[in-house]
Amino acid sequence: MNKTININLANMFFHIDEDAYKNLQRYLNAIKRSFTDSQGRDEILADIEARVAELFAERLKTDRQVVGMKEVQEVIDIMGQPEDYLVDDEIFEDEPKATSTSNNQTTGTVSTRKLYRDYDNKFIAGVCAGLAQYFGVDSLWVRLLAIIIVFAGVGSPILVYFILWVIIPKATTTSEKLAMAGKPANISNIEKKIKEGLDDVQESLQDVNFEQVGQKAKSGASSFFDSIGHIIETFLKIFGKFFGVIFIITAASILISIIMSALGFSFFNLEFLEGRDFFNYQDLGILNHTSPWVLALLALFAVGIPALVLFILGMKIVVKNSRSIGTPAKTILIVLWIAACLGIAYIASSAAWHQNKEISISSTKEIAISKNDTIKVRMVKNEDFSGSLRRYHHDYRVEHDENGNEILFSRSVRLIVKSTQRENARVRISRSANGLTDEDARQRAQGINYNYTFENNTLKLDGYFLFDKDDKYNNQEVQIELFLPEGAIIYPHKNTRSFHRNYGDVGDILPSDYNSEEHYHQVIDEELQCLDCPSSKSKNRKSRKKNQRDITINSEKVDINIKNKDKDVNLNVLRDSVPTDTNN
């Protein structure tokens, strides 16, 4: 049985199998021999060891897991063999530099860019330089675009910059700088990156001219911005932690609520809840036939996945170096969320389509009311199903008849009073309902059971109607139109008040104010005029005032006006023509 050895790579400790350790040592020694005379040898080897440690950490699920030959070989395949790279730069003067590309293709490493702040090319914090690296453009264009956005005042660009400053990590290691440029972190690229940095340092030390002076000015500006940036960064981190905690609490509350609701809706008996008949007795298309656990699962995915994302975001803000859930998990969550949203949209559209058509069926009957006749109108309540007598729009509930059978009961009844040129009054009963097709809506409207009676000049209208549970509720409604001839008198009972509260252009001539009931109204000129309302008495008093005599005296003359129904008499007398006694 092989022994386990503890090693330290770039300040990271690993448990490694003895054979794997020997293979790794041979590999690292070969790398050291390859860079014996290379410039920046120590920096190159340190970065290579750091990259090896990163690759080991990515492959270990737990801290106690032992690194074996498999993990070592995978790391070697990614980093490449030392002999695959020619260290001496002079060798490449006449040869094409295709070694790293070919090796990349053989190892199967995919070069993908990662977003970091490019601190080496920063002006303030390296955000614009990092975005330029990520999108593969010159940083100058990104900075110009940022300046234009700032002066244009689009949104809050400065605040957005500071937020990006906080949430985008800085590229510190060589592997992160290579990932920022979309290059694989292997031996060749690490060597080139470090040599480029050493060359830049040498150039900056050799060139002492106006460019160096400008660089110092830039450095001074950077230091100033760094000081301000550190202060702002501290405050933003504090606020970030606060919002992270808020995100975690909010997301956890949503997740617990939606999970408990989904479990309760799927597996527990919820008949004690009000409105439990919603899915059973309404015409909701495919929603009526969908299992509760399917609906609960769709709601769980549609609401729970965004809440989970919010929870993970809060954890990343609060906890440093929190691990990502991984690309496969992200892909699965996105697919599930899109599928849940599409499923909910399909079910909702099916329910909406089942209310697409509306059909109204009418029946008209004459009643023995003519000119100067009086008709009394009152509503009748159902003593078995409801003690109240009031109109409720879009109302239905489940009741049981005398045989114990379920039946649907509604008080969605509307009363409209209109005038007619015919000699006799008539009543029109309109039954309406919705459905997926015209035929569905027509059958549902025909299934409405509504009654009324007329005797002793009294029209008794049911304030309710019944329909079969198999028809399901789909906006069933009853509308009563009472047509009265010229000169007919109507006396509405006080219980009709809520049933004839009509708004809009429906042609109702019965006033909707609260003083119209319990009074006699006569049809005159296609309108109703109250015969015994308090307002009509005041009108009579006003008409009597028109018959009074008016006498006006001013400084020049006396005007006497006498008005009555037959004639008007106006007499004007000059002040100087007759004697005047002001005391009388």
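Check the entry above for the structure.
Predicted model, so just to flag it, every value in this text is computed and none were measured.

A few words now on a negative patch on the surface. Together, Glu486, Asp525, Glu526 and Glu527 make up a region of like negative charge exposed at the surface. As for its placement among the helices and strands, Asp525 is situated in the loop between strand 15 (521-524) and strand 16 (527-530).

Our next topic: the environment of Ile48. Looking at the secondary structure, you find Ile48 in helix 2 (residues 41-59). Sequence separation between Ile48 and Met79 is 31 residues; the distance between their C-alpha atoms is 8.5 Å.

Here the focus is the pattern of salt bridges. Evaluation of the coordinates by the stated rule reveals 10 salt bridges. The closest approach of N and O atoms between Glu406 and Lys469, which form a salt bridge, is 3.5 Å. Linking Glu406 in strand 7 (residues 406-410) with Lys469 in the loop between strand 12 (465-467) and strand 13 (477-485), this pair joins segments that are 63 residues apart in sequence. Of the charged contacts, one joins Lys418 and Glu481 as a salt bridge, the two residues approaching to 2.7 Å between their closest N and O atoms. One end of the pair, Lys418, is in strand 8 (residues 413-420); the other, Glu481, is in strand 13, with 63 residues separating them in the sequence. Classification of Glu481 by relative accessible area gives buried; the value is 5%. It is possible to trace a salt-bridge network through shared partners that takes in Lys418, Arg428 and Glu481.

What follows deals with unusual backbone geometry. A negative phi angle is the norm for most residues apart from glycine, just as the trans form is the norm for most peptide bonds. A positive phi angle, close to 50 degrees, is found at His394, a residue other than glycine. Position of His394 among the secondary structure elements: in the loop between strand 5 (374-380) and strand 6 (397-400). Here His394 falls in the partly exposed class, since its relative accessible area comes to 45%. One non-glycine residue, Lys472, lies in positive phi territory at about 60 degrees. Residue position: Lys472 is located in the loop between strand 12 and strand 13. By relative accessible area, which is 22% here, Lys472 ends up partly exposed.

This part covers the state of the cysteines. All chains considered together, the criterion is met by 1 disulfide. Disulfide pairing is shown between Cys530 and Cys533; the S-S distance is 1.7 Å. Taking the torsion about the S-S bond as the criterion, the Cys530 to Cys533 disulfide, at about 90 degrees, is right-handed. Judged by relative accessible area, which is 7%, Cys533 ranks as buried.

Let us look at the sheet that holds strand 12. Reading across from one edge, 6-7-12 is the order of the 3 strands in this open sheet, with antiparallel pairing throughout. Two strands bound the open sheet, and with one partner strand each, they are strand 6 and strand 12. Neighbour to neighbour, the strand axes of the sheet diverge by 45 degrees on average, direction disregarded.

Our next topic: helix 13 (residues 327-353). Look at helix 13: 39 Å from first C-alpha to last across 27 residues, which is about the 39 Å you get at 1.5 Å a residue. Here the buried face of helix 13 lies against helix 12 (292-318).

With 4 of 5 residues buried, strand 7 lies mostly within the body of the structure. Linkage of strand 6 to strand 7, two consecutive antiparallel strands, is achieved through a turn of 5 residues, within which Gly404 is found at a positive phi near 85 degrees. Across 3 bridges, strand 7 lies against strand 12 in antiparallel orientation. Bridge pairing links Leu408 to Phe467 in strand 12.

Where helix 12 meets helix 13, the closest approach of the two axes is 9 Å, and the angle between their N-to-C directions is 135 degrees. When the axes of helix 12 and helix 13 are compared, the pair comes out oblique. In the packing of helix 12 onto helix 13, the handedness of the crossing is left-handed. Each of Leu295, Leu298, Ala299, Phe301, Ala302, Ile305, Pro306 and Leu308 in helix 12 lies in contact with helix 13, whose residues at this interface are Leu333, Leu336, Trp337, Ala340, Gly343, Ile344 and Ile347.

What counts as what
Residues numbered from 1 in each chain as written. Predicted model: local features only at pLDDT ≥ 70, side-chain atom pairs only at ≥ 80, totals over all residues. Heavy atoms only, no water. Patch = residues over 30% accessible without salt bridge, like charges linked within 9 Å, V, L, I, M, F, W, Y side chains within 5 Å. Areas by Shrake-Rupley, 256 points an atom, 1.4 Å probe, with all protein chains shown as cover. Salt bridge = Lys/Arg side-chain N within 4 Å of Asp/Glu carboxyl O. Lys, Arg positive; Asp, Glu negative; His and termini not counted. Charge placed at Lys NZ, Arg CZ, Asp CG, Glu CD. Helix = DSSP H or I, 4+ residues; strand = E, 2+ residues; numbered from the N terminus. Buried < 20%, exposed > 50% of the residue type's maximum accessible area, 1.4 Å probe, protein only. Disulfide = S-S within 2.5 Å. Pairing = 2+ DSSP bridges. Axes fitted to C-alpha atoms, helices over the stretch in contact; angles between N-to-C directions. Expected span 1.5 Å × (residues − 1). Contact = heavy atoms within 4.5 Å. Parallel < 35°, antiparallel > 145°, perpendicular 65-115°, else oblique. Left-handed = near helix turned anticlockwise from the far one by under 90°.

Fair warning: the whole summary comes from geometry, so function is off the table for now.
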